[in-house]
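Below are the chains, spelled out letter by letter.
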Amino acid sequence: MVRGKTQMKRIENAASRQVTFSKRRSGLLKKAFELSVLCDAEVALIIFSPRGKLFEFSSSSINKIIERYQSKSKGPGISKRVVPENEQNRSKEETVDMAKKIEHLEASKRKLLGESLDSCSIEELQQIENELEQSLSNIRTQKNHLFKGHIERLKEQERILLEENGKLREKVWVAALASTGQTAVITNGRNFRGRDRIVHRTTRKTNGPVSIRKMIKDR
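Residues numbered from 1 in each chain as written. Predicted model: local features only at pLDDT ≥ 70, side-chain atom pairs only at ≥ 80, totals over all residues. Heavy atoms only, no water.

Undergrad: What is the right way to read the pattern of salt bridges from this model?
TA: Oppositely charged side chains are able to pair whenever their charged atoms sit close together. Across all of its chains, the model carries five salt bridges by this definition. For Glu42, the salt bridge identified is with Arg68, shortest N-O distance 2.0 Å. Of this pair, Glu42 sits in the loop between helix H1 (14-39) and strand E1 (44-48) while Arg68 sits in helix H2 (residues 62-112); the two residues are 26 residues apart in sequence, bridging distant segments of the chain. By relative accessible area, which is 48% here, Arg68 ends up partly exposed. With a closest N to O distance of 2.6 Å, Glu163 and Arg159 form a salt bridge. Taken together, the positions of Glu163 and Arg159, both in helix H3 (residues 122-179) and four residues apart, correspond to about one turn of that helix. Taking the relative accessible area as the measure of exposure, Glu163 reaches 33% and is therefore partly exposed. (Salt bridge = Lys/Arg side-chain N within 4 Å of Asp/Glu carboxyl O. Helix = DSSP H or I, 4+ residues; strand = E, 2+ residues; numbered from the N terminus. Buried < 20%, exposed > 50% of the residue type's maximum accessible area, 1.4 Å probe, protein only.)

Undergrad: For this particular structure, what's the right way to read the nonpolar core?
TA: Where a protein is soluble and globular, its nonpolar side chains tend to be buried together. Phe21, Ala32, Val43, Leu45, Ile47, Phe55 and Phe57 form the largest nonpolar core, which has seven residues in total. For this core, the secondary-structure elements that each account for two or more residues are H1, E1 and strand E2 (54-58). Those residues in contact with Phe55, other than ones at most four positions away along the chain, are Phe21, Arg25, Leu45, Ile46, Ile47 and Ser49. (Core = buried A, V, L, I, M, F, W, Y, C linked by side-chain atoms within 4.5 Å. Contact = heavy atoms within 4.5 Å.)

Undergrad: Would you mind going over the packing of aromatic side chains with me for this structure?
TA: Each aromatic ring pair is specified by the distance between its two centres and by the angle formed by the two planes. Here the structure, examined in full by the defined rule, presents two aromatic pairs. Ring geometry for Phe33 against Phe57: centres 6.3 Å apart, planes inclined by 85°, an arrangement best described as edge-to-face. A residue pair is termed long-range when its members are at least 10 positions apart, and Phe33 in helix H1 and Phe57 in strand E2 qualify at 24 residues. By relative accessible area, which is 17% here, Phe57 ends up buried. The aromatic ring of Phe55 is capped on one face by Arg25, whose charged end is 4.2 Å from the ring centroid. (Phe/Tyr/Trp six-rings, centres within 6.5 Å; stacked < 30°, edge-to-face > 60°. Lys NZ or Arg CZ within 6 Å of the ring centre and 35° of its normal.)

Undergrad: Explain H1 here, please?
TA: Note that an α-helix has 3.6 residues per turn; residues three or four places apart therefore point the same way. Here H1 spans 37 Å end to end across 26 residues, near enough to the 38 Å set by a 1.5 Å rise per residue. When we look at burial in H1, the residues that qualify are Phe21, Arg25, Ala32 and Ser36. Summarising the contacts, the buried residues of H1 are in contact with E1 and E2. Residue Asp40 follows H1 closely and has a positive phi angle near 50°. (Expected span 1.5 Å × (residues − 1).)

Undergrad: Looking at this structure, I do not really get the layout of surface pockets. What am I missing?
TA: Vacant regions in the atomic arrangement are exposed by a probe of water-molecule size rolled over the atoms. Looking at the second largest pocket, its volume works out to about 170 Å³. Lining the second largest pocket are His104, Ala107, Ser108, Lys111, Leu112, Glu124, Gln127, Ile128 and Glu131. Of all the secondary structure elements, the ones that give two or more residues to the lining of the second largest pocket are H2 and H3. For the lining of the second largest pocket, the element with the highest residue contribution is H2, accounting for five residues. By residue class, the composition of the lining of the second largest pocket is three nonpolar, three polar and three charged. (1 Å grid on protein atoms, 1.4 Å probe; cavity = no way out; pocket = protein on both sides within 12 Å on 5 of 7 lines; lining within 4 Å. Points joined across faces, edges and corners; volume = space filled by probe spheres on them. Nonpolar A, V, L, I, M, F, W, Y, C, P; charged D, E, K, R; others polar.)

And the structure:
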């Protein structure tokens, strides 16, 4: 029968927990003994039961093995303590450096706003003036670019409105002529300003010219 995989969590049943502890303890002590004999290794194993009972195994004197462990672990122990200290010191340095940068930026901002200038030298004032002039130049360039685009859009809107106005006038004129029994010949041309204009020629079956305004008024 295949054994199921043991879940790595605390065994709630006290009796089962004690049985498992006894079996695993015996197996662990056996493995420690085999390791010391087969590999000629110094092995020390210390186990405390849930009730506080001590179980131990050592290939030689357990006190000597513990002393050897303590002497060997002093170096690594110090290095482990130094690493967090170094990281902490590095974090402090980064924080101080960031605080200095923020303070420098705040000071530069105040100077650009015309504040805290008493401590500035002539060279620093000249540098601030040059920076402000460059900033104003960039602002004016961007503003002119926006104005130019706005003017172009207005011109395009004007052109569209003029075209629509011309078409409406043409429709009104043609309707007025049709009501009087006249015919119209419409041609497009350009006036002296370069804008579109409409040239109207009218023919009438009766004699004598007729005023367009009069025809519209008569209607």
